[in-house]
Amino acid sequence: TPSAIHHAGQCALEQLDFVSARRLLDDALVQHRRIGNHHDAAVTLGLLAQLALNEQRPDEARGLSFESQRTFRSLHDPKCGAREAVFHATVLMALGDGAAALPHAESAAETYRELGFRLHRARALCTVGCIHAMLGDGLAARRALFEGLGEQQRATRDAGLPDLLEMI
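Source: prediction; values computed, not measured. (Residues numbered from 1 in each chain as written. Predicted model: local features only at pLDDT ≥ 70, side-chain atom pairs only at ≥ 80, totals over all residues. Heavy atoms only, no water.)

1. Notes on the nonpolar core
Short version of the rule: Definition used in this section: a nonpolar core is a set of buried Ala, Val, Leu, Ile, Met, Phe, Trp, Tyr and Cys residues joined via side-chain atoms within 4.5 Å. Note on classification: 1.4 Å probe, protein chains only; a residue is buried when its accessible area is under 20% of the maximum for its type, exposed when over 50%, partly exposed between these limits. Where helices and strands are cited, they refer to DSSP runs of H or I of at least four residues and of E of at least two residues respectively, numbered from the N terminus. Whether two residues are in contact is decided by their heavy atoms, any of which lying within 4.5 Å being enough.
The biggest cluster of nonpolar side chains holds 19 residues, and the ones touching the most others in it are Leu13, Ala21, Leu25, Leu29, Leu48, Leu51 and Leu64. Elements that contribute at least two residues to this core include exactly helix 1 (2-14), helix 2 (18-35), helix 3 (38-54), helix 4 (58-74) and helix 5 (78-94). Examining the composition of this core, we find that seven residues originate from one element, helix 3, more than from any other. With near-sequence residues (within four places) excluded, Leu25 lies in contact with His6, Gly9, Gln10, Thr44, Leu47 and Leu48.

Here it is as structure tokens:
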């Protein structure tokens, strides 16, 4: 039941129905926690963080994404932890704190390298490049973005290619 509610909340979020998304995701989170499903609770926290950011509540998004990331780390789930680290970096960027965002994005890129997930690494490197650009380090931004482009070219899918080329 909580998984179905979670997915309904995710669909509402994707359709920009923030009121329904909040109601459904809050309910799913309570139920996941009640039955001890920590992984899915962390995924739900990440969606609630996305919702908060979409609703222009970045401080709430920061707390939720940090809790989600911390939970994945405690569960020793590097893939989901890296995904949440990239989002947490995005939230920190939205708050104007590029210096705090950079280690999260770089850590995610390194985790994806270790896991051999080229496409995910390319996207993480895109975030790293954006952060460097935000911090005024054009050379580091270019280096990260071109490294991401190289990863993208070696990946089996090219869905992220337009975003990387736009950033470069």
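From this point, the discussion proceeds with the structure in view.
2. So, helix 8 (residues 138-154)
For clarity, the threshold we go by: Here a helix's expected span is defined as the number of its residues, less one, multiplied by 1.5 Å.
Spanning 17 residues, helix 8 covers 24 Å between terminal C-alpha atoms, matching the ideal 24 Å at 1.5 Å per step. Those residues of helix 8 that sit buried are Ala140, Ala141, Ala144, Leu145, Gly148, Leu149, Gly150, Glu151 and Gln152.

3. Details of the packing of helix 4 against helix 5
The geometry of a pair of packed helices is captured by two quantities: the angle between their axes and the separation between those axes. This is how the line gets drawn: Here the axes come from fitting lines to C-alpha atoms, over the contacting stretch only for helices, and the angles between their N-to-C directions go from 0 to 180 degrees. To sort the angles, those under 35 degrees are grouped as roughly parallel, those over 145 as roughly antiparallel, those from 65 to 115 as roughly perpendicular, and the leftovers as oblique. Note on convention: the crossing is left-handed when the near helix lies turned anticlockwise from the far helix by less than a right angle, right-handed when the turn is clockwise. Under the scheme applied here, ten amino acids are nonpolar (Ala, Val, Leu, Ile, Met, Phe, Trp, Tyr, Cys and Pro), four are charged (Asp, Glu, Lys and Arg), and all others, including Gly, are polar.
Two numbers describe how helix 4 lies on helix 5: the axes approach to 9 Å, and their chain directions differ by 160°. The pairing of helix 4 with helix 5 is recorded here as roughly antiparallel in orientation. Here helix 4 runs over helix 5; the crossing is left-handed. Here Pro58, Ala61, Arg62, Ser65, Phe66, Ser68, Gln69 and Phe72 of helix 4 come into contact with helix 5, specifically with Cys80, Gly81, Arg83, Glu84, Ala85, Phe87, His88, Val91 and Leu92. Partitioned by chemical class, the residues of the contact of helix 4 with helix 5 number nine nonpolar, five polar and three charged.

4. So, helix 1
Keep this limit in mind: Each direction from the helix axis to a C-beta atom contributes to the arc, which is the arc of those directions.
The end-to-end C-alpha distance of helix 1, which contains 13 residues, comes to 18 Å, matching closely the 18 Å that a straight helix rising 1.5 Å per residue would cover. By the burial criterion, the buried members of helix 1 are Pro2, Ile5, His6, Gly9, Ala12 and Leu13. With its buried residues spanning 120° around the axis, helix 1 presents them on a single face. Opposite the packed face of helix 1, turned more than 90 degrees from it, sit the exposed residues Ala4 and Glu14.

5. Thoughts on the pattern of salt bridges
Stated formally: Counted as salt bridges are all cases of a side-chain nitrogen of Lys or Arg within 4 Å of a carboxyl oxygen of Asp or Glu.
Evaluation of the coordinates by the stated rule reveals 10 salt bridges. Ionic pairing is found between Glu151 and Arg118, a salt bridge with its closest N-O pair at 3.7 Å. Of this pair, Glu151 sits in helix 8 while Arg118 sits in helix 7 (residues 118-134); the two residues are 33 residues apart in sequence, bridging distant segments of the chain. A residue is classified by how much of its surface remains accessible, and Glu151, at 9% relative accessible area, is buried. With a closest N to O distance of 2.7 Å, Glu147 and Arg121 form a salt bridge. Here the residue Glu147 occupies a position in helix 8, and Arg121 occupies one in helix 7, the gap between them amounting to 26 residues. The buried category is assigned to Arg121, whose relative accessible area is 8%. A single salt-bridge network, built from bridges that share partners, covers Arg22, Glu55, Arg57 and Glu60.

6. Regarding the packing of helix 3 against helix 5
Taken N-terminus to C-terminus, the directions of helix 3 and helix 5 make an angle of 20°; their axes are 11 Å apart at the nearest point. In terms of their interaxial angle, helix 3 and helix 5 are classed as roughly parallel. Here helix 3 and helix 5 pass one another in a crossing that is left-handed. Two secondary-structure elements touch here, helix 3 through His39, Val43, Gly46, Ala49, Gln50 and Leu53 and helix 5 through Cys80, Arg83, Glu84, Phe87, Val91 and Ala94. By residue class, the composition of the contact of helix 3 with helix 5 is seven nonpolar, three polar and two charged.

7. Regarding the state of the cysteines
As used here, a disulfide is simply a covalent bond connecting the sulfur atoms of two cysteines. Selection rule: Note on terminology: disulfide denotes any pair of cysteine sulfur atoms within 2.5 Å.
In this structure the tally under the stated criterion is zero disulfides. Between Cys11, a free cysteine, and Cys80, which holds the nearest cysteine sulfur, the sulfur-to-sulfur gap is 18 Å. A relative accessible area of 42% means that Cys11 is categorised as partly exposed.

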